[in-house]
Amino acid sequence: MDSASLLNPYEGPHLRLRNRIAMAPMTRGRADDVTGVPHPLTKDYYAQRSGAGLIVTEGIWPNLEGKAGPGIPGLVTDAQVEGWREVTSAVHAAGGTIFAQLWHVGRMTHPLTLPDGRRPVAPSPVRIESEPIFTREGLVDHVIPRALTTAEAEATIADLAAEARNAMRAGFDGVELHGANGYLVQQFLGSNTNRRTDRFGEPTRFAIEAVEAVTAAVGAAKVGLRISPDNPENEIVEDDPQTTYRTLLRALDPLGLAYLHVIERGRYPALADLRPRWSGTLIGNYNGDEPTTREAGEEVVASGLADLFSFGRLFIANPDLPARFAGGVPLSTHDPALVYGGGAEGYVDYPSLEPAV
Ligand SMILES: Cc1cc2nc3c(=O)[nH]c(=O)nc-3n(C[C@H](O)[C@H](O)[C@H](O)COP(=O)(O)O)c2cc1C
């Protein structure tokens, strides 16, 4: 195993990065809940972490139905675009590369989160039964979502494309469409959540059309896609993930996207099966109970299963994670009580060992 591989620069078809360490997208719930504008400290939070080869932001909503919960930012209004421009400027000033994550949650929200009496939308009216959802009034039961009409599904795709255009206005280097973890795109991919009889009843159709629309909006070189094949999170069942994701990649590989970001979590060995089927840049991620270790990421990159590896939780308390890897310095652990919501505490006050950016 080449122990330095994560720290080596990466040069791919569309990306030139200072190392092969990506910061995985992580929701932090600190945006203004009324305006959806990122917190004033969000620029510092990401700038502190710009030693990553690539930063993928927290998920950002493309329309009001797509919002997960309190404090999630948007990328729709001019004020939101301005807020994100401050973030991208700060990251670029520090020499970093940053993609915005386009995140529509589908059924994973609640009327208490959505304004003006809106109800959650989804491919089909299938409710989450096993777990409550977090709202401004705490944990409550899910409601039955409203099925998107065909025209509404098309309009949602158009909203994702518009969000990608706004990301370009805000100065992002690219966008990542969130197709993972049981949110809207994976609700279309799932067998239990998609009972449609229109063209979107074909499991990969929504994902393919969404990627095509975002690509038409900003160019394939600036578009990544995140998937989590066979991930049961948020009550998704995929009867045949191998067929579904091979079909998806057959359609998307020829587009020449910036990257594919694969979370391996279920029983299906997604990285091993999909690596030979993806000719572009591939980012690996493991989503287990404990934060993924450096060693696990090194092994994936050194074995060629991915070109980059993304770390989430380690970046919360280690803003200078790549420098710590390089120096063999011990890692800090984060305070779980300070992950979501609030202000500076647990957000921008974890120290770097390097001089601050
Ligand atoms: C606090 C937190 C928030 C997250 N938010 C998102 C998100 O907005 N979008 C997303 O695709 N994944 C999200 N994830 C999943 C991470 O991107 C990543 O897949 C997961 O943390 C596993 O990587 P790790 O073991 O390095 O932490 C989140 C994870 C955490 C811990």
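Below: a short report on this structure. (Residues numbered from 1 in each chain as written. Predicted model: local features only at pLDDT ≥ 70, side-chain atom pairs only at ≥ 80, totals over all residues. Heavy atoms only, no water.)

Attention now goes to the packing of helix α5 (residues 205–218) against helix α6 (residues 241–252). Contact geometry for α5 and α6: axes closest at 10 Å, N-to-C directions at 25°. In terms of their interaxial angle, α5 and α6 are classed as roughly parallel. Remark: the crossing between α5 and α6 carries right-handed chirality. Between α5 and α6, the contacting residues are A207, I208 and V211 on the first element and L248, A251 and L252 on the second. Here the residues of the contact of α5 with α6 are counted per class, giving six nonpolar, no polar and no charged. (Axes fitted to C-alpha atoms, helices over the stretch in contact; angles between N-to-C directions. Helix = DSSP H or I, 4+ residues; strand = E, 2+ residues; numbered from the N terminus. Parallel < 35°, antiparallel > 145°, perpendicular 65-115°, else oblique. Left-handed = near helix turned anticlockwise from the far one by under 90°. Contact = heavy atoms within 4.5 Å. Nonpolar A, V, L, I, M, F, W, Y, C, P; charged D, E, K, R; others polar.)

To continue, consider the side chain of R20. Following the sequence through the fold, R20 ends up in the loop between β2 (16–17) and β3 (21–23). Despite its burial, R20 remains without a salt bridge, the nearest opposite charge being carried by D307 at 5.0 Å. Polar side-chain contacts of R20 include one of 3.2 Å to the backbone oxygen of D307. Discounting residues that sit within four places of it in the chain, R20 has contacts with S5, L6, N8, P9, Y10, V301, D307, L308 and F309. (Buried < 20%, exposed > 50% of the residue type's maximum accessible area, 1.4 Å probe, protein only. Lys, Arg positive; Asp, Glu negative; His and termini not counted. Salt bridge = Lys/Arg side-chain N within 4 Å of Asp/Glu carboxyl O. Polar contact = N/O pair within 3.5 Å; in protein donor to acceptor, adjacent residues only side chain to side chain.)

Within strand β13 (residues 282–286), four of the five residues are buried, which leaves the element mostly enclosed by the surrounding structure. Where strand β12 (residues 259–264) and β13 come together, five bridges link them in parallel fashion. Residue H261 lies in a different strand from β13, and its bridge partner there is I283. In this structure, β13 lies alongside strand β14 (residues 308–311), joined through two bridges in parallel fashion. Its bridge partner lying in β14, G284 is registered against F309. (Pairing = 2+ DSSP bridges.)

As a further point, take the pattern of salt bridges. Per the counting criterion, the structure on display carries 22 salt bridges. Residue R118 pairs with E65 through a salt bridge whose shortest N-O separation is 2.9 Å. Taken together, the residues span a long stretch of sequence, with R118 in the loop between β5 (98–102) and β6 (121–122) and E65 in the loop between β4 (54–60) and α2 (78–93) at a distance of 53 residues. For the salt bridge of E209 with R199, the shortest nitrogen-to-oxygen distance reads 2.8 Å. In this pair, E209 sits in helix α5 while R199 sits in the loop between α4 (184–189) and α5, placing the two residues 10 residues apart along the sequence. Taking the relative accessible area as the measure of exposure, E209 reaches 16% and is therefore buried. For R199, a relative accessible area of 37% gives the class partly exposed. It is possible to trace a salt-bridge network through shared partners that takes in E154, R199, R205 and E209.

On to the nonpolar core. By size, the foremost hydrophobic cluster in this structure holds 72 residues, and its most contacted members are Y46, F206, L225, I227, L248 and F311. For this core, the element with the most residues is α5, which contributes seven residues. When sequence neighbours within four positions are dropped, the list of residues in contact with L248 reads T204, A207, I208, L225 and I227. Within the second largest apolar cluster, 11 residues are counted, among which are L15, A22, L54 and Y259. (Core = buried A, V, L, I, M, F, W, Y, C linked by side-chain atoms within 4.5 Å.)

With 20 residues, helix α3 (residues 150–169) should cover 28 Å at 1.5 Å per step; its first-to-last C-alpha distance of 29 Å lies within 8% of that length. Of the positions making up α3, those classed as buried are A153, T156, I157, L160, A161, E163, A164, N166 and A167. Taken from the residues just after α3, G171 is the one with a positive phi, measuring 90°. (Expected span 1.5 Å × (residues − 1).)

Attention now goes to the packing of aromatic side chains. Given two aromatic rings, one states the distance between the centres and the angle between the planes to describe the pair. Tallying each qualifying case throughout the model produces 11 aromatic pairs. Aromatic pair W103 and Y183: ring centres 5.1 Å apart, planes at 90°, arrangement edge-to-face. Of this pair, W103 sits in the loop between β5 and β6 while Y183 sits in the loop between β10 (174–179) and α4, and the two are 80 residues apart along the sequence. Across the pair, Y183 and W103 agree in class, each one buried. (Phe/Tyr/Trp six-rings, centres within 6.5 Å; stacked < 30°, edge-to-face > 60°.)

Turning to the site of the ligand, a few remarks are in order. Around the ligand sit 20 residues in total, of which P25, T27, R226, T292 and R313 are the nearest. In this structure, an oxygen atom belonging to the ligand sits 3.3 Å away from a main-chain N or O atom of Y286. In the model, an oxygen atom of the ligand is placed 2.6 Å from a nitrogen or oxygen of the T292 side chain. Residues belonging to the shell around the ligand are distributed by class as follows: eight nonpolar, nine polar and three charged. (Near = heavy atom within 4 Å.)

Shape is all these values report; function is a separate question.
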